Structure formats: structure tokens, C-alpha cells
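Analysis of the macromolecular model
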Amino acid sequence: MFGSVLGAFTPSFAALGGKAWRIPWRLSKTRKANVRKRLREVDDVIDVLSASGIECKQLVLAQALPKEHEMSARNKYTTFSRTAKNHRKGVHKVPHFTKRPIPRTTPTGF
């Protein structure tokens, strides 16, 4: 009765694990390229701000982070997670990963 009215709020198919949208197991080549592109764009903004002569605490902290080409693939495409089995989680499984900054360093010991 209400299936067409509620749209996205209809119950999802139980055979699909109860999820309406499936998260892929691994990042595709396109998504990896987009992650690298976003990291490079952030690096470019940091370079422009530092070249302009602006000085602030956050800019100093951002300059201390590794650039995209200096990061390992593990740090580019995965992020630290306390609850995950190996304490790493694919960056595409983080909610809103395209809008939130990807941590470029991991806690010591992980």
C-alpha cells in the first residue's frame, strides 16, 4: 500500500543482507584515482597557502603531513579502525569519505 509513497524507506530485500545499497568489497580503479586526485588537490591548496605567506597553526600542521606521492598505498586507501579485524578499514567504507579528510598518518603501533 505505502510502497510507492515511501520511496527509499521501503524495506530492503532480505536476500541482499537487508541493505538497500551494497558497499563493494574493494575500491575500483576509478575510485582509487579519485582518492589520489583529492589528495593532490589538498596538497596544491596547502602549497598555495604556504606560498602566499599566511601563517597559522593548522597550516603548519598540514605542511608536516606527507604528500600524496609520499604516502603508501595502505595509507591512501585504508584508514585506522579500532573495531576492524586488522585495525584497518577500506576508505570507501567510511561514511561520506569523499567529503571528510582522509587521515594521512596512522596511530603509532598500527
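Here we summarise the structure given alongside this text. Computed from a prediction, not measured in an experiment: that's the story for all the values here.

**With respect to the pattern of salt bridges**
Evaluated as defined, the whole model comprises four salt bridges. Lys67 serves as the salt-bridge partner of Asp47, at 2.9 Å between the closest nitrogen and oxygen. Linking Asp47 in helix H2 (residues 29–52) with Lys67 in the loop between helix H3 (57–64) and helix H4 (73–77), this pair joins segments that are 20 residues apart in sequence. Given a relative accessible area of 35%, Asp47 falls into the partly exposed group. A relative accessible area of 27% places Lys67 in the partly exposed class. The network of salt bridges with common partners includes Arg40, Glu68 and Lys76.

**Focus on the nonpolar core**
Core analysis: the biggest nonpolar cluster contains eight residues, these being Leu27, Val35, Leu39, Met71, Tyr77, Val91, Phe97 and Ile102. Each residue touching Val91, except ones within four places of it in the same chain, is listed here: Leu27, Val35, Lys76, Tyr77, Thr78, Phe97 and Ile102.

Criteria and thresholds
Residues numbered from 1 in each chain as written. Predicted model: local features only at pLDDT ≥ 70, side-chain atom pairs only at ≥ 80, totals over all residues. Heavy atoms only, no water. Salt bridge = Lys/Arg side-chain N within 4 Å of Asp/Glu carboxyl O. Helix = DSSP H or I, 4+ residues; strand = E, 2+ residues; numbered from the N terminus. Buried < 20%, exposed > 50% of the residue type's maximum accessible area, 1.4 Å probe, protein only. Core = buried A, V, L, I, M, F, W, Y, C linked by side-chain atoms within 4.5 Å. Contact = heavy atoms within 4.5 Å.

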